[in-house]
Amino acid sequence: MALIGALAIAILVNVVQFRSADAAAPENYQAVIRKPSSDIVEVVSLNDSIRSYYGLYWAISEQQPGASVQISADGADDFPSLRFLALGYGKADSVVLSADVLGDSTSLAMLLADRDDISVQTGTSGGYVHRDENWYYVRGTCSDNSSPELVFGPLTEGFGQALVAVDRCLLTDGAFTE
Amino acid sequence: MIIEIGFVLSMVLGGSALIQVAGARGLGVPILGSVAGLSLYLCIGAVQVLTPITTSPILTVILVVTLPGALWLWRRFHGAHLPISPLWAGIVIAGVTSAVALFRALPQFAWSNDSLQYLLSGSLIASNNITNASIFLLPKRLIAVPELHAVANFGDEYYVQSITPLIAGLVLALLSWMLWESLSTHLSKRALIVLIGGGVLFLVSMNRFIFHAFYINGHMLFALLMLVVVGGGWMLVSNDSVSKNALVTAMVLSVGALVFVRAESPILVLLMILPILLDRSVNYLPKVILLATLGLSTIAWQIFIAAVYLDQGLSVVFSVWGLLAFGILVLAAIPLLKWSFIMKRGRVILVLVHAILWLGLLVLFVREPEILIRSVSSTFENVVLGAGSWGLSLILIVVLLLIASFIPLKNSVNLRFPLTSFIPLAFLLAYLRDGAYRVGDGDSLNRMWIQLVPVALMYLLVTVAIGERRRRSAATSNIQTTASKHVAK
């Protein structure tokens, strides 16, 4: 009987402290909090570091799902990470390591030059590859929406490197032709 | 939503068919059946990942219904008594459908970086690319939680919104059912309802239970499967109200599934089943199946992980070799189950295991005291000072457990040993991961406590019900004996 009484007190304590326990927790660890939506990408993208980790791949999955991705030969070290990110959150159809080097076909300055045939999204990498370096997703109006082809690779930016995902049709003819 | 309903119903119906064939009746069919279906789904999914066949969750869903369904039809065709109540079947299907719809309508979920890694793996499973998941994902996140969410990718979503809350609901249902079946011969219906209602209220009023009910992670899943293994193990040796075949079926599937939930699962599972393995009242065959399931699934997973390391041109890390050796030793230990020298000394072995765990911790503490000091200090802040959002809940459970431990309960070791052995093991794990636990909600040990809570509550409530009664019965029989002596005089 005493233990039943103790259990009743424990329930009462749980109820009384429920809100204060939540108040002490960071938002994503709170027990009861209504999110603006059930779309997890939309909700977690409000967090800067998460957007940096996965933003590039979520942008690709939204605009060019089912893409065939080639990784630049000088990105071979990052190939395993780029492959699972592009296949998982990028919703790519295939990811292969190319024999070509992205830097031989273009430069960041060329890609980002004032032109109206591209759209650019950018962010800072914080995850598995190119930590604390910028990423760019450069999409051209030339791309074939039915079977998009993308090239991933590092390009020089200032004194460092940026991770660039670019439509293959924006590169010099003959490069990355598998 | 149709994908989600189909996915959940496949586990409920497939598992119910299997568990009914195994001998369960009444409410045990949908409740124990749902857990068995969930575990079966995870085991089939694991086989798909570990073999060259597709990892598509559509195939998993089909197999989880058709395999038990075919078995059910075959047994029924051969004259087995497998009754169906259309009314109850309709209630279960309508209930599951409504629950899925309700949880999908709620914009309520909790997440952390780990959640996003689980969902990334889920996406890779759905597109049959999990072998590309690399050492960043597979050794830490494994495949059970990703498998649960993989099917959402077919609806252009990343997670199955209703699955974690439904698992939390299943924890409540399973705990209630286990208590009802175990205690209904000892207590009046009214007392039983008060007891079970109190237990359920305690859980749903607990902040961290509600958090984990919506948290995209594997802790609530682990809690459910642990309740099946430990609670089911206690029922196996303590009462005959439920078919032992049905209990063993659910326990074996849960052991298989648990290995794919968390990296440290094999060690935890061995501690969960050790009291059963050493109990002479349990038949040899269930023990062999439990141990073989643990050993084989551990070996299969570690070989797969080793292959992932080698595929990336990396050397296989020590933990993989260690757990592979663990799996082989578990298999090698099967013949020992027939050795009466060991079986007669079950209690001594359990004490020895405790001693080894504490001794191991002491040795590591002497070599590197900083990790344990920081871990204990962080855990104190998380659990006692409120940094882990537990409030007083865990302290209250511990106090109640301490009181309960003074009340004698038959076979209490089955419920108690997995709880008490977890304490030294949890701090040993800090050494194995080479990093102290930290202050805050996100700390892994702070999140792991929920895995023990349902079993702890079951131990507490069973002790309240039967332990006290035994004491009273003893007191009553003493009075009766004294009275009869007076009459004789």
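Computed from a predicted structure; not experimentally measured. The residue numbers shown here count from 1 along each chain, following its written sequence. For this description, chains carry letters from A and ligands carry numbers from 1, given in the order in which they are written. Selection of residues for local features in this predicted model requires a pLDDT of at least 70, selection of side-chain atom pairs for listing and counting requires 80 or more, and totals for whole chains, interfaces and linings are taken over all residues.

Each helix is a run of H or I in the DSSP string that is no shorter than four residues. Each strand is a run of E no shorter than two, and both are numbered from the N terminus. The helix and strand inventory of chain B stands at 22 helices and 0 strands. Between the two quantities, the radius of gyration covers C-alpha atoms and the globule rule is 2.2 Å times the number of residues to the power 0.38. For 489 residues, the compact-globule formula gives about 23 Å, and the C-alpha radius of gyration of chain B, at 23 Å, lands near that figure. C-alpha extents for chain B along the principal axes are approximately 85 × 65 × 50 Å. Burial in this document is a count-based property: other C-beta atoms within 10 Å of a residue's C-beta are tallied, and the residue is buried at 20 or more, exposed at 12 or fewer, or partly exposed in between, with C-beta positions derived from the backbone. Across the 489 residues of chain B, 51% fall into the buried class. Placing a C-beta atom from the backbone of each residue, one calls two residues in contact when those atoms lie within 7 Å. Across chain B, contacts joining residues at least 24 apart in sequence account for 78% of those joining residues at least 6 apart.

This paragraph deals with the interface of chain B and chain A. At the interface, 41 residues of chain B touch 38 residues of chain A. Of all the secondary-structure elements, those providing two or more residues to the side of chain B that touches chain A are α5 (113-126), α6 (134-141), α9 (189-204), α10 (207-214) and α19 (393-404) of chain B. Top contributing element to the side of chain B that touches chain A by residue count: α19 of chain B, with 5 residues. Following the grouping adopted for this structure description, the nonpolar residues are Ala, Val, Leu, Ile, Met, Phe, Trp, Tyr, Cys and Pro, the charged ones are Asp, Glu, Lys and Arg, and the polar ones are all others, Gly among them. When grouped by side-chain class, the residues that make up the side of chain B that touches chain A number 23 nonpolar, 17 polar and 1 charged.

Residue and element names in this part refer to chain B. Simply put, an axis is a line fit to the C-alpha atoms, just over the touching stretch for a helix, and the angle between two N-to-C directions goes from 0 to 180 degrees. Taken N-terminus to C-terminus, the directions of helix α8 (residues 163-183) and α9 make an angle of 155 degrees; their axes are 10 Å apart at the nearest point. Here α8 is positioned roughly antiparallel relative to α9, judged by the angle of their axes. Like other packed secondary-structure pairs, α8 and α9 cross with a definite hand, here right-handed. Here L172, L175, S176, L179, W180 and L183 of α8 lie close against α9, whose contacting residues are L192, L195, I196, G199, V200 and L203. Partitioned by chemical class, the residues of the contact of α8 with α9 number 10 nonpolar, 2 polar and no charged. Should an angle lie under 35 degrees it is considered roughly parallel, over 145 roughly antiparallel, and from 65 to 115 roughly perpendicular; all remaining angles are considered oblique. Two helices crossing with the near one rotated counterclockwise from the far one by less than a right angle form a left-handed crossing, whereas a clockwise rotation gives a right-handed crossing.

Right, let's get into the sheet that holds strand β3 (residues 118-124) of chain A. All names here are of chain A. Reading across the sheet, the 6 strands line up as β2-β1-β5-β6-β4-β3 and stay open at both edges, with mixed pairing between neighbours. Sheet topology places β2 (94-97) and β3 at the edges, where each strand pairs with a single neighbour. Going from strand to strand, the sheet's axes swing by 20 degrees on average, the running direction of each strand aside. Helix α3 (residues 48-63) contacts β3, β4 (134-140) and β6 (160-167) of the sheet and is inclined by roughly 155 degrees relative to β3. Helix α4 (residues 79-88) rests against β1 (68-71), β2 and β5 (149-157) of the sheet, and its axis sits at about 165 degrees to β2. Here, strands pair whenever DSSP counts at least two bridges between them.

What follows concerns the confidence of the model for chain A. On a range of 0 to 100, pLDDT expresses the predictor's confidence in each residue. With 97% of its residues at a pLDDT of 70 or more, chain A shows a mean pLDDT of 87. Across chain A, element-level confidence peaks in β1 of chain A with a mean pLDDT of 94 and bottoms out in helix α6 (residues 108-112) of chain A with 85.

Right, let's talk about helix α11 (residues 219-238) of chain B for a bit. Here, expected helix span is obtained from the residue count minus one, scaled by 1.5 Å. Between the first and last C-alpha of α11 of chain B there are 27 Å, a value that for 20 residues agrees with the 28 Å anticipated at 1.5 Å per step. Within α11 of chain B, 18 of the 20 residues are buried, leaving the element largely enclosed by the surrounding structure.

Right, let's talk about the confidence of the model for chain B for a bit. Reading predicted coordinates in detail is not appropriate for stretches of low pLDDT. Residues and elements named next belong to chain B. Counting all residues, the mean pLDDT for chain B is 92, and 96% of those residues have values of 70 or more. With pLDDT under 50 throughout, residues 477-489 is counted as low confidence; its partners more than four residues away or in other chains account for 0 contacts. As a predicted assembly, this complex carries a pTM of 0.93 together with an ipTM value of 0.92.

For the rest of this paragraph, the subject is unusual backbone geometry. In terms of backbone geometry, most residues other than glycine have negative phi values and most peptide bonds are trans. Residue and element names in this part refer to chain B. In this structure, N128 is a non-glycine residue whose phi angle is positive, near 60 degrees. In this fold, N128 is placed in the loop between α5 and α6. The phi torsion at S389 lies on the positive side, around 65 degrees, for a residue other than glycine. Relative to the elements of secondary structure, S389 occurs in the loop between α18 (369-383) and α19. Residue classification places S389 among the buried positions, given that 24 C-beta atoms sit within 10 Å.

Residue and element names in this part refer to chain B. Packing of α11 against helix α12 (residues 244-258) brings their axes to within 9 Å, and their N-to-C directions diverge by 145 degrees. Handedness of the α11/α12 crossing: left-handed. Touching F222, L225, V228, V229, G232, G233, M235 and L236 of α11 are K244, L247, A250, M251, S254, V255, A257 and L258, all from α12. Class assignment of the residues belonging to the contact of α11 with α12 gives a composition of 12 nonpolar, 3 polar and 1 charged.

Moving on: the environment of T293 of chain B. Residues and elements named next belong to chain B. Looking at the element boundaries, T293 is found in helix α14 (residues 284-311). Separated by 34 residues in sequence, T293 and G327 have C-alpha atoms that sit 9.8 Å apart. If we skip the residues at most four places from it in the chain, T293 touches V252, V255 and G256.

All names here are of chain B. Relative to the helices and strands, Y459 is located in helix α22 (residues 444-488). Placed 250 residues apart in sequence, Y459 and F209 show a C-alpha to C-alpha distance of 18 Å. Each residue touching Y459, except ones within four places of it in the same chain, is listed here: L401, A404, L415 and R416.

Two residues of an α-helix separated by three or four positions point the same way, owing to the 3.6 residues in each turn. Under the 1.5 Å per step criterion, the end-to-end length of α14 of chain B is 40 Å for 28 residues, consistent within 8% with the ideal 40 Å. The first or second residue beyond α14 of chain B is G313 of chain B, which carries a positive phi of 70 degrees.

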